[in-house]
Amino acid sequence: MSFKDMESVAQAMVAPGKGILAADESNPTIKKRFDLIDTESTEENRRTYREMLLTAPGIADHISGVILYDETLRQKTADGVPFPTLLSGMGIVPGIKVDTGAKDLAAFPGEKVTEGLDGLRERLAEYYEMGARFAKWRAVITIGDGIPSDFCLHANAHALARYAALCQEASIVPIVEPEVLMDGDHTLAECEEVTNRALTEVFAALAAHRVHLPGIVLKPNMVISGTECADRAGSREVAEATVRCLAAHVPADVTGIAFLSGGQSAEEATEHLGIMNTMGPHPWRLSFSYGRALQAPALAAWRGKDEQLGDGQKALLKRARLNGLASSGGYTVDMESAA
Ligand code: 13P
């Protein structure tokens, strides 16, 4: 695939009215989600759940791509259709999480660095053969007493850029995800300061590693108060600070930005995206790549029960539709009760 082809894939991933479903929870993470609904995390239950999501009727109207986990990429529908084949048949781009998780950064207490570079070239080649056309790598930045350190930001940006360059070599569009966590009592201003630093490091590293920016999708956090902050900023402030921060750091030739939800409620994540898309025009598309904000209502409606698979699908479709509207500036909060 040429750079032009990767640009087309990136454009499809952030097409107006659509966004990405992040369904790439590792097995330890999906177990935590299943624990909340008293459902055992067996391979078959995970397969059933992912089939529920991917076969929701009309999902392709609002979902442009799905990030899968290694196990899921290899699974099939009950009728025997491999999940990547199912997705591409509907015009949805199949993607794959390729990092192997955030691990403690030696000598930097409280900080993490994401692993997964060893053998990545070979894994990307296999994933491409299996139908994946984009990948994801998540770096995790924690705000706390004296952290993040410049070293942690630099180490994570370096790994993200090495990953992104390897993806493009393999004709796979990299989702570049530097996540500043919402955990903690920090203010919106502190989140903005750290996000500014993180994005500065990321774009410097991408340039140094000769990554072709129109062939990536950036997946940042929104600039938002910590979950424990005593005086949390309102939604307009979140939208304005996020756009200000991105405008300062993200070159105009980046095709698209697809936010993570990061622990925001499903409704908050939609509202914030909706406001940002009424503030344009922006040089890049602003869309979503939500995990929890798309799936939490679907999990709660399903609860591991076969007879509630349809309810789970309805709950997913509602969030997908409303986020699709938010990604094209057509969302208003009153649509929540009307839907
Ligand atoms: P959340 O939207 O739940 O933050 O998940 C997105 C994701 O892919 C995290 O890496």
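Note: the structure precedes this text.
This structure is a prediction, so every number in the text was calculated from the model and none was measured.

1. Regarding the packing of aromatic side chains
Stage number 1. Applying the stated criterion to the full structure yields six aromatic pairs.
Stage number 2. Ring plane angle 25° and centroid distance 5.1 Å describe the contact between Y49 and W302, whose orientation is recorded as stacked. Here Y49, found in helix α3 (residues 43-54), pairs with W302, found in helix α11 (residues 292-302); they are 253 residues apart in sequence, far enough to count as distant. By the burial criterion, Y49 is buried, and W302 matches it.
Stage number 3. Three or more aromatic residues joined by ring pairs form one cluster here, namely F34, Y49 and W302.
Stage number 4. Sitting over the face of the ring of Y128, R133 holds its NZ or CZ atom 3.6 Å from the ring centroid.

2. Regarding the site of the ligand
Stage number 1. The local shell around the ligand holds 13 residues, among which K136, K219, S261, G262 and R292 are the closest.
Stage number 2. G262 is positioned such that a nitrogen or oxygen atom in its backbone is 2.7 Å from an oxygen atom of the ligand.
Stage number 3. Protein contacts shield 91% of the accessible area of the ligand, which totals 300 Å² for the unbound molecule.
Stage number 4. Put simply, the parts of the chain that give the shell around the ligand at least two residues each are β6 (134-141) and β10 (285-290).
Stage number 5. Taken together, the residues of the shell around the ligand sort by class into three nonpolar, four polar and six charged.

3. Observations regarding helix α7 (residues 150-169)
Stage number 1. Between its first and last C-alpha, α7 extends 29 Å over 20 residues, near the 28 Å set by a 1.5 Å rise per residue.
Stage number 2. S171 lies just past α7 and shows a positive phi near 65°.

4. Side note on the sheet that holds strand β3 (residues 93-97)
Stage number 1. Here eight strands make up a closed barrel; going around it, the order is β1-β2-β3-β6-β7-β8-β9-β10 and the pairing parallel.
Stage number 2. Sitting on the sheet, helix α8 (residues 188-208) touches β6, β7 (173-180) and β8 (217-218), and the angle it makes with β7 is about 150°.

5. Some remarks on the side chain of T195
Stage number 1. As for its placement among the helices and strands, T195 is situated in helix α8.
Stage number 2. You can call T195 buried: its relative accessible area is 2%.
Stage number 3. Excluding anything up to four places from it in sequence, T195 contacts V180, N221, V223 and C245.

6. Focus: unusual backbone geometry
Stage number 1. With an omega of 10°, the peptide bond running from I147 to P148 counts as cis.
Stage number 2. Among the structural elements, P148 can be located in the loop between β6 and α7.
Stage number 3. The omega torsion across G280 and P281 is 5°, close enough to zero to call that bond cis.
Stage number 4. With respect to the helices and strands, P281 occurs in the loop between α10 (266-276) and β10.
Stage number 5. Here D38, not a glycine, exhibits a phi torsion of approximately 50°, which is positive.
Stage number 6. Given the relative accessible area of 69%, D38 is considered exposed.

Criteria and cut-off values
Residues numbered from 1 in each chain as written. Predicted model: local features only at pLDDT ≥ 70, side-chain atom pairs only at ≥ 80, totals over all residues. Heavy atoms only, no water. Phe/Tyr/Trp six-rings, centres within 6.5 Å; stacked < 30°, edge-to-face > 60°. Helix = DSSP H or I, 4+ residues; strand = E, 2+ residues; numbered from the N terminus. Buried < 20%, exposed > 50% of the residue type's maximum accessible area, 1.4 Å probe, protein only. Lys NZ or Arg CZ within 6 Å of the ring centre and 35° of its normal. Near = heavy atom within 4 Å. Polar contact = N/O pair within 3.5 Å; in protein donor to acceptor, adjacent residues only side chain to side chain. Areas by Shrake-Rupley, 256 points an atom, 1.4 Å probe, with all protein chains shown as cover. Nonpolar A, V, L, I, M, F, W, Y, C, P; charged D, E, K, R; others polar. Expected span 1.5 Å × (residues − 1). Pairing = 2+ DSSP bridges. Contact = heavy atoms within 4.5 Å. Axes fitted to C-alpha atoms, helices over the stretch in contact; angles between N-to-C directions.

These figures capture arrangement, not role.
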